[in-house]
Amino acid sequence: MPVEIEPARHVPGVLMTFRPSGRALPLVFDSPHSGRDYPEDFDHAPPRDLLRRAEDAFVDELFETAPVHGAVFLKALFPRSYIDPNRHEHEVDLTMLGEPWPHPVVESEKAEMGLGLIRRLIKGTIPIYDRGLSVEEILARIESFHRPYHAELEALLDEAHGRHGGAWHVNCHSMRSAGRKRGQSIPRADIVLGDRDGASCDRDFTQFVAAFLGGLGYRVALNDPFKGAELVTRFGRPDDSRHSLQIEINRALYMDEDRIEKRPDFATFKADVERLIAAIADHVRGKLAGAGRDARG
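In what follows, the accompanying structure is described. Predicted model only: the values in this text are computed from it and were never measured. Per chain, residue numbering runs from 1 following the sequence as it is written. Given that this is a predicted model, residues contribute local features only at a pLDDT of at least 70 and side-chain atom pairs are listed and counted only at 80 or more, while totals for whole chains, interfaces and linings are drawn from all residues. Computation of side-chain values: all heavy atoms of the structure, hydrogens and water removed.

### With respect to the overall build of the protein
Here a helix means four or more residues in a row that DSSP labels H or I, a strand means two or more in a row labelled E, and each is numbered from the N terminus. Assigned secondary structure in the protein consists of 7 helices and 14 strands. As a reference, a globule follows 2.2 Å times the number of residues to the power 0.38, and the radius of gyration itself is taken over C-alpha atoms. A compact globule built from 297 residues would reach a C-alpha radius of gyration of about 19 Å, and the protein, at 19 Å, matches this within 12%. In terms of overall dimensions, the protein has C-alpha extents of about 65 × 40 × 40 Å along its principal axes. Under the scheme applied here, a residue whose accessible area is under 20% of the maximum for its type counts as buried, over 50% as exposed, and between as partly exposed, the area being computed with a 1.4 Å probe on protein chains only. Relative to its full complement of 297 residues, the protein shows a buried share of 53%. Nonlocal contacts in the protein, meaning residues at least 24 apart in sequence, comprise 76% of its contacts between residues at least 6 apart. Counting every atom, the protein has about 13,800 Å² of accessible surface; 49% of that belongs to carbon and sulfur. Looking at the protein, you have 40 positive and 48 negative side-chain charges, and the mean spots of the two groups are 4 Å apart. Contacts are residue-level and defined by heavy atoms, with any inter-residue pair within 4.5 Å sufficient. To be clear on the numbers: accessible area is Shrake-Rupley with a 1.4 Å probe, and residue cover counts the displayed protein chains and nothing else. Charge assignment: positive for Lys and Arg, negative for Asp and Glu; neither His nor the chain ends contribute. Charge placement uses NZ in Lys and CZ in Arg. For Asp and Glu, CG and CD serve respectively.

See below:
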């Protein structure tokens, strides 16, 4: 039977936060790209079915049991193709505007590829808009969707750190089963863990997660081809006991990538994800117990 957990906080069309019934561990899972509530003002040119290819479909379902194990779970409800919470709010692709942009810009390779704060392209070559966007509508999306998501995640992590002196953050995503390089299809690992080469969390946390997944039989890669983007960059500060780890799951493990449908064995894979959640929760409990022993001398 599906797990039913009531949201502790719900901003319609924007986000949902789920908390455990008891006191939460300093552990937050978030799914910023699984949203599928398409805003009415999303004036996109391609059909909706094509835009759905940008979703991390079903990732929110994979991690929804986190509160059962003492963690907090946050998910975005809006689609990443509308505005991407895992990009800096200044990562604006100026080529898609119909007027000059009067604010700062963070240049990036992703924005140049049409994958910035507001996506310009789907499937690499298909324009999402048949018009130039206005400054007003981009600012409205930032104010109503991007900033509230960042503020909620920041508040959850600050609360965890304030209570326990440390916080662990698992940023949950999915990836296509193969990438492309120089026109060639490159198969990807089952799981890619990104810690920005150790800059966003202690390596022992990354290695623990990698070893656990390896023990379940999955092929795990570290920081290749995904090191972690805006959310782990912003919130991961291991020197301050704030640990952010990005996890990318190969979609072929649990869904038909083209039809965006669950595989018949979806529940089996989800059970492995729940084992991972439980193991991470136990790891955090161990860290807290160790810190308590150290404090007592």
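### A closer look at helix α5 (residues 203-215)
Counting along an α-helix, one turn takes 3.6 residues, and residues three or four places apart therefore face a common direction. Each helix should span, by expectation, one fewer than its residue count multiplied by 1.5 Å. Over its 13 residues, α5 extends 18 Å from the first C-alpha to the last, a length consistent with the 18 Å expected when each residue adds 1.5 Å. Positioned one or two residues after α5, Gly217 has a phi angle of 100°, which is positive.

### Considering the sheet that holds strand β11 (residues 220-222)
Taken in spatial order, the 8 strands make up an open sheet running β1-β2-β4-β3-β7-β12-β10-β11, and their pairing is mixed. Only two strands of the sheet have a single neighbouring strand rather than two, namely β1 (9-11) and β11. Geometrically, the sheet is characterised by an average inter-axis angle of 15° between neighbouring strands, direction not taken into account. A pair of strands is labelled paired if DSSP reports no fewer than 2 bridges between them. Both strand β3 (residues 27-31) and strand β4 (residues 72-76) contribute to a ladder of 4 bridges, which runs parallel. Opposite Phe29, over in β4, you have Phe73 as the bridge partner. All axes here are fitted lines through C-alpha atoms, helices being fitted over the stretch that makes contact, and every angle between N-to-C directions spans 0 to 180 degrees. Packing against the sheet, α5 makes contact with β7 (167-175), β10 (191-194), β11 and β12 (242-250), and its axis sits at approximately 160° to β11.

### A word on the layout of surface pockets
Cavities and pockets are found on a 1 Å grid laid over the protein atoms alone: a cavity is a set of points where a 1.4 Å probe fits but cannot escape, a pocket is an open set with protein on both sides within 12 Å along at least five of seven lines, and a lining residue has an atom within 4 Å of such a point. Grid points are joined across faces, edges and corners, and a volume is the space filled by probe spheres set on the points. Put simply, the largest pocket is a space of about 1,700 Å³. Taken together, 49 residues form the lining of the largest pocket, with Lys110, Met113, Leu115, Arg188 and Phe226 sitting closest to its centre. If you list the elements that add at least two residues to the lining of the largest pocket, you get α3 (109-112), β5 (121-122), β7, β8 (178-181), β9 (184-187), α6 (230-235) and β12. A total of 4 residues in the lining of the largest pocket trace back to one element, the largest contributor, which is β8.

### A closer look at the pattern of salt bridges
Throughout this description, the term salt bridge denotes a Lys or Arg side-chain nitrogen within 4 Å of a carboxyl oxygen of Asp or Glu. Inspection of every chain in the model, using the stated rule, returns 30 salt bridges. Ionic pairing is found between Arg19 and Glu159, a salt bridge with its closest N-O pair at 2.9 Å. Of this pair, Arg19 sits in the loop between β2 (15-18) and β3 while Glu159 is found in helix α4 (residues 135-164), placing the two residues 140 residues apart along the sequence. Residue classification places Glu159 among the partly exposed residues on the basis of a relative accessible area of 30%. Put simply, Asp56 and Arg80 hold a salt bridge, and the shortest N to O gap is 3.6 Å. Taken together, the positions of Asp56 in the loop between α1 (48-51) and α2 (59-62) and Arg80 in the loop between β4 and α3 put the pair 24 residues apart, joining distant regions of the chain.

### Some details on the nonpolar core
Here, nonpolar core means buried Ala, Val, Leu, Ile, Met, Phe, Trp, Tyr and Cys residues that are tied together by side-chain atoms lying within 4.5 Å of each other. Counting residues in each nonpolar core, the largest one holds 40 residues, and the members touching the most others are Leu27, Phe29, Phe63, Ile247, Ile249 and Tyr254. Going through the elements one at a time, β2, β3, α2, β7, β10, α5, β12 and α7 (266-296) are the ones with two or more residues in this core. For this core, the leading source of residues is α7, giving 8 residues. Once residues lying within four places of it in the same chain are set aside, the contact partners of Phe29 are Phe63, Ala66, Ala71, Val72, Phe73, Leu74, Val170, Cys172, Ile277 and Ile280. Within the second largest apolar cluster, 37 residues are counted, among which are Phe42, Leu51, Val72 and Phe235.

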